[in-house]
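# Architecture at a glance
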Amino acid sequence: MPRQIGLENLTVAVVEEDKTTGIKYATPIKLERSIKAKISPKTSSEKLYSDDSVEEILNNFDSCDVEIEINQLQLKTRSLIQGAKIVNGILVENKDDIAPELALGFRSKKSNGKYRYVWLLKGKFEITEDEYETIGEKPTAQSNSISGSFYGRNSDGNWRIMEDEDSEGADMERLANWFKAVPEIIVEVKPPEENPSDDPKLPEDEEKDNPTPGGSTGDNTEKNPSGNTGDNTEENPSGNTGDNTGENPGGNTEDNPEQIPEG
């Protein structure tokens, strides 16, 4: 397993806009030569107990502390990361200066000669500390350290992206342009699966639910267009409700099996 052995191409890009609809960065700017970087994510955790033991641990990302040592911090870099102004070549630091939100990118060489590429997507740097020392028998070269805090974007909650040159699926074209613009990450969201119970009824299903066009609710086995609710097994167009088994067009209700002629 190759190890990280290098650090280079320290780059920042100002966050121009970060809304729920998307994020926009300015053109990245390369900083001074880097010496060392420390990335320390901070999380909060909560233990959930049940049955007298830990059931689950909930971890929540808070922010990421960054400390970077560089060879020398130029005035224009101080102005950029601290929000200070340069007036006629003079760096003017004001108590009301507001540091801009930035993205921070770099790459780290591996022991196998390949690189890991990194962007911290949104954060702010603090005012830089300075240390000076007089020249003694041997001059001591001083370096600068910059510290900042990075956090999730409003647009998607992402706070860091990384890609290894030797990893499966690595995009060589994207890596070649890694420091020209902050890579745009598009995450495919699968649509929710359809619930069969919510499907609309098909015509054949409706016919099963309403087998008779007349809307009859009885148990008649033959067509009954008059809408009777009786148990007649033969068609009864006169609408009688009796139990006659034969056709009775006269409407008589007596149980005579044969027709009586008029006297």
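The following refers to the structure shown.

What counts and what doesn't
Residues numbered from 1 in each chain as written. Predicted model: local features only at pLDDT ≥ 70, side-chain atom pairs only at ≥ 80, totals over all residues. Heavy atoms only, no water. Helix = DSSP H or I, 4+ residues; strand = E, 2+ residues; numbered from the N terminus. Buried < 20%, exposed > 50% of the residue type's maximum accessible area, 1.4 Å probe, protein only. Contact = heavy atoms within 4.5 Å. Areas by Shrake-Rupley, 256 points an atom, 1.4 Å probe, with all protein chains shown as cover. Phe/Tyr/Trp six-rings, centres within 6.5 Å; stacked < 30°, edge-to-face > 60°. Lys NZ or Arg CZ within 6 Å of the ring centre and 35° of its normal. Patch = residues over 30% accessible without salt bridge, like charges linked within 9 Å, V, L, I, M, F, W, Y side chains within 5 Å. Salt bridge = Lys/Arg side-chain N within 4 Å of Asp/Glu carboxyl O. Lys, Arg positive; Asp, Glu negative; His and termini not counted. Charge placed at Lys NZ, Arg CZ, Asp CG, Glu CD.

### Focus: the overall build of the chain
Along the backbone of the chain there are 3 helices and 11 strands. Counted from the first residue to the last, the chain has its helices and strands arranged as β-β-β-β-β-α-β-β-β-β-β-β-α-α. Across the 263 residues in the chain, those meeting the buried criterion constitute 25%. Residue pairs at least 24 apart in sequence account for 57% of intrachain contacts in the chain once pairs closer than 6 positions are excluded. For the chain, the exposed surface amounts to about 19700 Å²; the carbon and sulfur share of it is 46%.

### Some words on the packing of aromatic side chains
Centre distance and the angle of the planes are the two values used to describe a pair of aromatic rings. Tallied over the entire structure, the rule returns 5 aromatic pairs. The interplanar angle of 40° and the centroid separation of 6.1 Å between the aromatic rings of Y117 and F179 together place this pair among those described as tilted. Of this pair, Y117 sits in strand 9 (residues 115-125) while F179 sits in the loop between helix 2 (172-176) and helix 3 (203-209), and the two are 62 residues apart along the sequence. Neither residue differs from the other here; Y117 and F179 are each classed as buried. Each ring, one from F125 and one from F150, has its centre 5.7 Å from the other, and the planes form 80°; the classification is edge-to-face. Of this pair, F125 sits in strand 9 while F150 sits in strand 10 (residues 144-150), and the two are 25 residues apart along the sequence. Across the pair, exposure class does not vary: F125 and F150 are buried alike. Taking the ring centre of Y115 as reference, the NZ or CZ of R107 above it sits at 3.8 Å.

### A closer look at a nonpolar patch on the surface
On the surface, Y49, V54 and I57 cluster together into a nonpolar patch covering about 310 Å² of accessible area. Relative to the elements of secondary structure, V54 occurs in strand 5 (residues 53-70). Under the relative-accessibility criterion, V54 is labelled partly exposed at 40%.

### Overview of the environment of V118
In this structure, V118 sits in strand 9. Residues V118 and F106 lie 12 residues apart in sequence; the distance between their C-alpha atoms is 5.5 Å. Apart from the residues lying within four places of it in its own chain, the contact partners of V118 are L104, G105, F106, R160, I161, M162 and W178.

### Some remarks on a negative patch on the surface
There is a patch of like negative charges on the surface, built from E67, E126, E129, E131 and E133. Among the structural elements, E133 can be located in the loop between strand 9 and strand 10.

### Remarks on the side chain of R78
Within the secondary structure, R78 sits in helix 1 (residues 75-82). R78 gets classed as buried once you look at its relative accessible area, which sits at 9%. Among residues more than four places away in sequence, those in contact with R78 are L73, G83, L91, T128, D130 and N144.

### What about the pattern of salt bridges?
As a working rule, side chains carrying opposite charge can pair if their charged atoms are close by. Counted according to the given criterion, the structure contains 14 salt bridges. Between E16 and K24 there is a salt bridge whose closest N-O contact spans 4.0 Å. Taking the relative accessible area as the measure of exposure, K24 reaches 48% and is therefore partly exposed. Residue E101 pairs with K122 through a salt bridge whose shortest N-O separation is 3.8 Å. A residue pair is termed long-range when its members are at least 10 positions apart, and E101 in the loop between strand 7 (90-92) and strand 8 (102-109) and K122 in strand 9 qualify at 21 residues. In this structure E101 comes out as partly exposed when scored by relative accessible area, which is 25%.

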